[in-house]
Amino acid sequence: MMARLNVVLLVALVVCALSLVTSRHQSRKLFVDLEREQALTRNYDIEYGQLQIEQSTWAMPARIEKIAREQLRMQLPGAGRVEVMDEVK
C-alpha cells in the first residue's frame, strides 16, 4: 500500500515538474516575443515621426511656390487681376 502511494506521489511530482518547466519555457518565449514587438513599435514610432517631418517639408508654401514657378512656369497675377471675396455665410 505504501509503495503504491509513493508511486502515485512520484508520478504527481513528475507531472508538476514537467508542467512547471513547460510554463516557464512558454513564459520566456512570450517575453522574447513581447520584447521583439516593443522594438518594432519603437521603430514604427521613429519612422512615423520622420514621415511627419518629411510631409511638413513637402508641404511648405515656399517649396510649392518654387515648383509652381520653375517647373510649371506659373506666375503671381498682377495686382489688377486679384479679387478679394467676402466670406459667404
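Each remark here, short or long, concerns the structure printed above.
Here is a short report on the structure shown in this document. Everything numeric here is computed off the predicted structure, so don't read it as measured data. (Residues numbered from 1 in each chain as written. Predicted model: local features only at pLDDT ≥ 70, side-chain atom pairs only at ≥ 80, totals over all residues. Heavy atoms only, no water.)

### Topic: the overall build of the chain
- A count of helices and strands for the chain gives 2 helices and 0 strands.
- For 89 residues, the compact-globule estimate of 2.2 N^0.38 gives 12 Å, and the chain exceeds it by more than 25% at 35 Å.
- Seen through its C-alpha atoms, the chain measures out along the principal axes to roughly 110 × 35 × 15 Å.
- Here the chain has roughly 9,100 Å² of accessible surface; of this, 63% comes from carbon and sulfur atoms.
- When the 12 basic and 11 acidic side-chain charges of the chain are each reduced to a single mean position, those positions are 12 Å apart. (Helix = DSSP H or I, 4+ residues; strand = E, 2+ residues; numbered from the N terminus. Rg over C-alpha atoms; globule rule 2.2 N^0.38 Å. Areas by Shrake-Rupley, 256 points an atom, 1.4 Å probe, with all protein chains shown as cover. Lys, Arg positive; Asp, Glu negative; His and termini not counted. Charge placed at Lys NZ, Arg CZ, Asp CG, Glu CD.)

### Some details on the environment of Leu40
- As for its position among the elements, Leu40 is in helix H1 (residues 2-58).
- In this structure Leu40 comes out as partly exposed when scored by relative accessible area, which is 34%.
- Measuring from C-alpha to C-alpha, the distance between Leu40 and Met1 comes to 59 Å, with 39 residues separating the pair along the chain. (Buried < 20%, exposed > 50% of the residue type's maximum accessible area, 1.4 Å probe, protein only.)

### Side note on a nonpolar patch on the surface
- There is a patch of nonpolar side chains on the surface, built from Leu10, Leu13, Val14 and Leu18 and spanning about 400 Å² of accessible area.
- Here Leu18 is to be found in helix H1. (Patch = residues over 30% accessible without salt bridge, like charges linked within 9 Å, V, L, I, M, F, W, Y side chains within 5 Å. Salt bridge = Lys/Arg side-chain N within 4 Å of Asp/Glu carboxyl O.)

### Things to note about unusual backbone geometry
- Although it is not a glycine, Arg73 adopts a positive phi angle of roughly 55°.
- For Arg73, the position within the fold is in the segment after helix H2 (61-70).

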